[in-house]
Amino acid sequence: MKRRSNLKSSERNTQPVNSAKKLKNTEDFGATSISCPNSKYTAVLLKGKAQLRQEETKGVKSFPADKSQGRILCHALTTDFFHYGTDSGHVVCVSLKDGKTVSSFTHTVGVREVFPAQRGKHLVFTDEKKSGYLLSTSTESDSCLELPDFSPTITGALWDSWHPERGVFAAYDHEKVYVYALHKLTIYGSWVSLVGSECLHPSKKPMSLENGVLTCQLASGQTSKLTLSTHSYLKQAGSSSSKLSKQLTRAVMLNRLDEGLDLVRTHTKERLLKKLGKACLIHMEVELAIQVYQLSQNVSMVSSLEAIRGIKENKLLAGHLAVFLGEYNLAQDHYLSSSCPLAALEMRRDLSHWEKALKLAKDLAEDQIPYISKEYAAHLEQTGDFLKALAHYKNGLTHNNQEHNEACQAGVARMLITVGDIRGGVAKAIQHPSRVLKQECGALLESVRQLSQAAQLYEMGQYYDQAALVYMQCKDWAKVGELLPHVSSLKTHQRYAKAMEANGKYKVAAQAYKRAEDWDNLTRILLDHLNNPEAAVHVVRQTKSKEGAKMVARFFLLRKNYDSAIRILVLCQCNDEAFKLAQQHRQVEVFAEIIGAEATQDDYGNIAQYFEAERNHLQAGYYFHLGEQYRGALENLLMCDSTEGGLAVDMAIEVVCQAKDICLTDQLIDYLTGKTDSKPKDPVHLFRLYMALQRHTEAAHVANSIASEQLCSGNYRVSHDLLFKMYRELLDHKTDISTEMSTNLMLLHSYLLAKIHVKRGDHLKAAHLLSRVSENIRMFPAHVVPILTSAVIECQRAGLRNSAFNHAVTLMRPDNRKQIQQKYRRKIEDIVRHPHKSEVVDDMTPCPVCGSLLPQNELLCTSCKSNLPYCIATGQHMLREDWSVCPHCDFPALHSQFLLLLKTEKACPMCCQTLGADEVKKISDCSKYLATVNLNRRTTASP
């Protein structure tokens, strides 16, 4: 039975190398166990000894060479090495090349089985306690790791030939296969993990393992392949989060971190990225870790890893990575065993682990102890351990760093005061050059009610505001007075002022209130105690204080000076109080005058209601208007008596224009036309209303009516100016102009222009103009006879005898004859009795529209039927080649005639604006002016 068992072990050990090769013929040494041979060597186990035979030279070497190693219980051959285990626990690796022992490891108990990796760097063995171990022979000192959850029934082990450096192997018995992985380089050192297990059919005998595929031999001699469940994730795409997590776990356990990165790159879930990142840090895979944290957008971690990616020393690198994982004790161990042990000290300082930092500093850097002590003391001061902080501040004192010593001395001073040594702490603070320390110690002293010493330190530190406040608590007013010029706190000045007021020192209090900018109390002091209203009013004017204004107003009210009281209240925008005061003392007019444009809508409403109650409708309407209460404004304005009618109507027009309310507009129109009270008002008001509302058509009708009335009254200049203004308005707004308005303006202008030419002695132009007026003499009923008489005289002078005869005939009519002046009557009668019908022929000039010739004083072209534009200087129709306009009113004039007229006249005859000859420019292209003519051809007659 023992021989059978040994043969089975030998068979298992033969499988790693050329298991299918035919064995060579060898001599029989009576062996009890034969190893798996390779092409050059054969190993035979005989009575606790192993013989290694080289096939070419037939040379034989026996093991163990040292009898103290005990009896060999197991052995195995690989391509380059011979391994054996003894009953005394020795596991030995011998090089086949030179026969020297490569490694030797001593176990605590006997070794039963050995299963080496093909390259000989790792070896799995079982001992007499049926425990399993992994021995690494490639390191400077052999390391042996116990296999977790190792089954006592294990009969063999196979190493994964795919990337063997990853240290994956499978241990098996008759029922199961157990997959293990060696994690060789991690921050926690090396360890072996059980990745998983797989059921195995008893008929299958494992022969090889490659990339998770187990090749087994069947009883029939054939082979079959089994993909282990630990590697199945390689062929299955995970979709759910739980599957991905399991796949990532398997990849990490199999040392396949790069495949784990591929998994999380396609499914960037934060939890999986965090898990893989931690695994990369544990396995010291810095480059992979950087890629993972870049995917998770962890900028700080990427930056930290970038800083250490160039470190080649494993211990130092492991220390840094352990810090990232929060394993500070482990990091310290790595740092201390690295080439940079001071990194452990820096880590503890950065983490504020001061006790541990001090211990490390004693061993590594004694010169850093004072600085660490100072930092530790500052930490203890913050946490309230003052006695301990005092001790460490004292320990922090050195002899070569003044700035550091000053910080420690400042800490000593603070701690002395805190623990109760007031005198010592104050002495240290006074000697110390720092102002800030004096403030800090002053605050500490103030908290323990050591006020005089606190104030002294504040003053020495030039913290005058705090010093003054503490001196106030000590009632040391003299000292406070000395410090006030340096005090900037308004609150401190105010407290001092109140104290001085309580002591009856009002002038000092007033000055302090002024420095404190407490204007209300300053005003109160000036009025109640110093009787200085002028200064109080000045303060209120400067500060606009409402409370101060009320105090000043009460002061004036007691003296019945209502005007001043109201003014000061309005000045400070106390409008409600000012109005109530004005109403109470019937001073609303004064209030209204004072408030002016500063009033609010409510202020205007209150004023208007007051005047309405007083039946002062004009003022009520005015203030309702300012308050945008248009209906109330119009109602009051229309109630004004006749003495205020003109002003009231003008205001009413302004009201309806701003209101833009059709109902209010109709109400005003009804009032002006007399529909309201059967008393029509002056039509000028209605004209102004229409003009303000920009209702130019209605304004034109009213203007015609007014002009007609003025014509009938003989007010020709008034009528002319009104029509001219209306004409310009209609042109500016591109509104049609009635024929009646155009004709009336032309006739009025002709009459006024004739008077100018009579004065200048140009009788021909005057005669033509007066003849034009005489032909429409019905429009001038107030001066029919004088106009006709002038026409007869001017025509006679100009040689227009036929025209003079016709006008004289009209004068001789019975209704006109009696009104002829005596001095002209005989001459006119002679013209009628002895007529001379010779006539100076009028010059023929072209029509500016169509070019046909017509008399120069004719304004209607018989060819094109156009109403031709007339010259405002002569009354003749315009010529294209002699065109100019008045720069003020834009009315046309013959350029040559206009310049001639302006030699004697200083103003435009149409708009009466002062004008010089140099301002009149000749126009070569008059098309835009003739467009106005074409427009006038389509005008409608006045209704």
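The structure under discussion appears in the preceding block.
Just so we're clear, the structure is a prediction, and the values are computed from it rather than from any experiment.

The rules behind these values
- Residues numbered from 1 in each chain as written.
- Predicted model: local features only at pLDDT ≥ 70, side-chain atom pairs only at ≥ 80, totals over all residues.
- Heavy atoms only, no water.
- Buried < 20%, exposed > 50% of the residue type's maximum accessible area, 1.4 Å probe, protein only.
- Helix = DSSP H or I, 4+ residues; strand = E, 2+ residues; numbered from the N terminus.
- Contact = heavy atoms within 4.5 Å.
- Patch = residues over 30% accessible without salt bridge, like charges linked within 9 Å, V, L, I, M, F, W, Y side chains within 5 Å.
- Areas by Shrake-Rupley, 256 points an atom, 1.4 Å probe, with all protein chains shown as cover.
- Salt bridge = Lys/Arg side-chain N within 4 Å of Asp/Glu carboxyl O.
- Arc of directions from axis to C-beta.
- Core = buried A, V, L, I, M, F, W, Y, C linked by side-chain atoms within 4.5 Å.

### Notes on helix 38 (residues 801-811)
Among the residues making up helix 38, those that are buried are S803, A804, F805, H807, A808 and L811. Looking at the packing, one finds that the buried side of helix 38 touches helix 36 (763-774), helix 37 (784-798), helix 39 (814-817) and helix 40 (822-833).

### Things to note about a nonpolar patch on the surface
Taken together, L336, L342 and L364 make up a surface patch of nonpolar side chains, about 220 Å² in accessible area. Note on placement: L364 falls in helix 10 (residues 354-364). A residue is classified by how much of its surface remains accessible, and L364, at 31% relative accessible area, is partly exposed.

### Digging into helix 16 (residues 451-460)
Taken together, the buried positions of helix 16 are L451, A454, A455, L457 and Y458. Relative to the axis of helix 16, the buried residues are bounded by an arc of 165° and lie together on one face. Against the buried residues of helix 16 lie helix 14 (422-431), helix 15 (435-447) and helix 17 (464-473). Q462 occupies a position one or two residues after helix 16 and carries a positive phi of about 65°.

### Focus: the environment of K580
Relative to the elements of secondary structure, K580 occurs in helix 25 (residues 575-584). For K580 and N606, which are 26 residues apart along the polypeptide, the C-alpha to C-alpha distance reads 9.7 Å.

### Some words on the nonpolar core
Counting 108 residues, the largest nonpolar core has L668, F687, M726, F780, F891, F898 and M910 as its most contacted members. A total of ten residues in this core trace back to one element, the largest contributor, which is helix 35 (residues 739-760). Beyond its immediate sequence surroundings of up to four residues, L668 is in contact with L634, L638, A652, I653, V656 and L689. The next biggest cluster of nonpolar side chains, apart from the first, holds 51 residues, and it includes V264, A279, Y293 and W354.

### Notes on the environment of V426
Relative to the elements of secondary structure, V426 occurs in helix 14. Residue class for V426 comes out buried when judged on its relative accessible area of 7%. Residues V426 and L457 lie 31 residues apart in sequence; the distance between their C-alpha atoms is 8.1 Å. Once you skip the residues sitting within four places of it in the chain, V426 turns out to touch I417, L445 and Q453.

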